[in-house]
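Close look at the chain arrangement
The primary structure of each chain is shown beneath.
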Amino acid sequence: MTDPRIRLLRADDWDTVVALEERAYATSGLSEGRDALQSRHRTSPSTCFVLDHAGHVGGYLLALPYPLHHCPDLHHTENTTSAEQPPTTNLHAHDLVIAEHLRGHGHAHRMLRHLEATARAAGYRTLSLVAVRGSHVLWTPLGYRARPETELPASYGDEAVYMTMSLTTRQEPLRVTDSRVPDRALPLPHSTDPIPGPRPRAEVG
């Protein structure tokens, strides 16, 4: 079987992307809905990707430029397009979901590394994200560092932590099979309950 490929998100991908997002986050109250998701994409189409598996969307990753120590509010849409974005050297990894049948094969890790390469090529100097419900412990091995001084929107819930990673310092490469990178439950931005365990929740990639 051919490995899924990573490509830019297209207009005809949205029905599947929205369905994946709703399955991942609706029960936790963290689902944004189509309008908000599409507004993130309009802000930065060149940093939003899908995992294309045999011609079908098997996951997605949304990222957009955001100044350091700031992030999208889950309850609000973005009000700028890519042409209107103020300059920033930080790219915010907002959301990553892998379809249930493709989890456990390192695809989330592949998409994250693809985002890092894209960000470096575009001249970004840092990546940021918001980890929730204690999930910051899973991001630390990937090179992200907690910035607890950053105030976050209430929409992310309790225990949310803003984190950043430098793209200008060399990071230790992680193998896709590294046990520190649990593909089935990698806690991207507003993930639900990513606490590791024998049966991690399966909402996110």
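A brief report on the enclosed structure follows. Along each chain, residues carry numbers from 1 onward, in the same order as the chain's sequence is written. Totals for whole chains, interfaces and linings use all residues, but because this is a predicted model, local features are given only for residues with pLDDT of at least 70 and pairs of side-chain atoms are given and counted only at 80 or more. Hydrogens and water are ignored here; the side-chain numbers use all heavy atoms of the structure.

Regarding the overall build of the chain
For the record, the criterion: The numbering of helices and of strands both runs from the N terminus, where a helix is a DSSP run of H or I of at least 4 residues and a strand a run of E of at least 2. Relative accessibility thresholds used throughout: buried, under 20% of the residue-type maximum; exposed, over 50%; partly exposed, between the two (1.4 Å probe, protein chains only). We call two residues in contact when some of their heavy atoms are within 4.5 Å. For the accessible areas, the method is Shrake-Rupley and the probe is 1.4 Å, while residue cover comes only from the protein chains on display.
When helices and strands are tallied, the chain shows four helices and seven strands. Going from the N terminus to the C terminus, the chain shows its helices and strands as β-α-α-β-β-β-α-β-α-β-β. Counting every position in the chain, which comprises 205 residues, the buried fraction comes to 53%. Within the chain, contacts between residues at least 6 apart in sequence are counted, and of these 73% link residues at least 24 apart. Taken as a whole, the chain presents about 9,600 Å² of accessible surface, with 51% of it coming from carbon and sulfur.

Description of the nonpolar core
Here is the rule we go by: To form a nonpolar core, buried Ala, Val, Leu, Ile, Met, Phe, Trp, Tyr and Cys residues must be joined to one another through side-chain atoms within 4.5 Å.
By size, the foremost hydrophobic cluster in this structure holds 26 residues, and its most contacted members are Met 111, Leu 115, Leu 127, Trp 139 and Tyr 144. Taken together, the elements giving at least two residues each to this core come down to strand S2 (48-53), strand S3 (56-65), strand S4 (90-98), helix H3 (107-121), strand S5 (126-131) and strand S7 (161-166). In this view, Met 111 contacts Ile 6, Phe 49, Val 50, Leu 51, Tyr 60, Leu 61, Leu 96 and Ile 98; residues no more than four positions away in its chain are not counted.

Thoughts on the packing of aromatic side chains
In this description, a pair of aromatic rings is defined by centroid distance and the angle of the planes. Note the threshold: Classification of ring pairs uses Phe, Tyr and Trp, with its six-membered ring standing for Trp, and accepts pairs whose centres are within 6.5 Å; under 30 degrees between planes counts as stacked, over 60 as edge-to-face, and the remaining range as tilted.
Scanning the entire structure with this criterion turns up one aromatic pair. Ring centres of Trp 139 and Tyr 144 lie 5.2 Å apart, and the angle between their planes is 80 degrees; this geometry places the pair in the edge-to-face category. For Trp 139, a relative accessible area of 0% gives the class buried. By relative accessible area, which is 2% here, Tyr 144 ends up buried.

Points about helix H2 (residues 34-43)
Of all the ten residues making up H2, seven are buried; the element is thus mostly covered by neighbouring parts of the structure. For H2, the full list of buried residues reads Ala 36, Leu 37, Gln 38, Ser 39, Arg 40, His 41 and Thr 43. At its buried positions, H2 is contacted by helix H1 (14-25), S2, S3 and S4.

Section: the pattern of salt bridges
Heads up, the condition is: Salt bridge, as used here, is a side-chain nitrogen of Lys or Arg placed within 4 Å of a carboxyl oxygen of Asp or Glu.
Applying the stated criterion to the full structure yields eleven salt bridges. When the shortest N-O distance is used, the salt bridge between Asp 52 and Arg 5 registers 3.7 Å. Note that Asp 52 is positioned in strand S2 and Arg 5 in strand S1 (residues 5-8), a separation of 47 residues in sequence. Taking the shortest distance from any N to any O, the salt bridge between Glu 100 and Arg 23 comes out at 3.1 Å. Note that Glu 100 is positioned in the loop between S4 and H3 and Arg 23 in helix H1, a separation of 77 residues in sequence. Accessibility expressed as a relative area gives 40% for Glu 100, which makes it partly exposed. A relative accessible area of 46% places Arg 23 in the partly exposed class. Taken together, the shared-partner salt bridges connect Arg 5, Arg 7, Asp 13 and Asp 52 into one network.

Some points on the side chain of Asp 95
Quick note on the threshold: For the purpose of counting charges, residues Lys and Arg are taken to be positive, whereas Asp and Glu are taken to be negative. His and the chain ends are not included. Polar contacts, as used here, are pairs of N or O atoms within 3.5 Å; protein pairs need one atom able to donate a hydrogen and one able to accept it. Residues neighboring in sequence count only if both atoms are side-chain atoms.
If you trace the backbone, Asp 95 turns up in strand S4. Despite its burial, Asp 95 remains without a salt bridge, the nearest opposite charge being carried by Arg 40 at 8.1 Å. At 2.5 Å, the side chain of Asp 95 forms a polar contact with the side chain of Tyr 25.

Things to note about the packing of H1 against H2
Threshold: With axes taken as lines fitted to C-alpha atoms, and helix axes fitted only over the stretch in contact, angles between N-to-C directions fall between 0 and 180 degrees. Handedness of each helix crossing follows the sense of rotation of the near helix against the far helix: counterclockwise by less than a right angle gives left-handed, clockwise gives right-handed. Residues are sorted three ways: Asp, Glu, Lys and Arg are charged, Ala, Val, Leu, Ile, Met, Phe, Trp, Tyr, Cys and Pro are nonpolar, and all the rest, Gly among them, are polar.
Between H1 and H2, the least distance of the axes is 10 Å, while the angle of their chain directions is 120 degrees. Pair H1 / H2 crosses with right-handed handedness. On H2, the residues touching Trp 14, Asp 15, Val 18 and Glu 21 of H1 are Arg 34, Leu 37, Gln 38 and His 41. Of the residues in the contact of H1 with H2, the class split is three nonpolar, two polar and three charged.

Side note on unusual backbone geometry
We note that Ala 54 has phi near 55 degrees; this positive angle belongs to a residue other than glycine. Even without a glycine there, the phi angle at His 69 is positive, about 70 degrees. Note that His 69 resides in the loop between S3 and S4. Among the residues examined, His 69 registers a relative accessible area of 29% and is labelled partly exposed.

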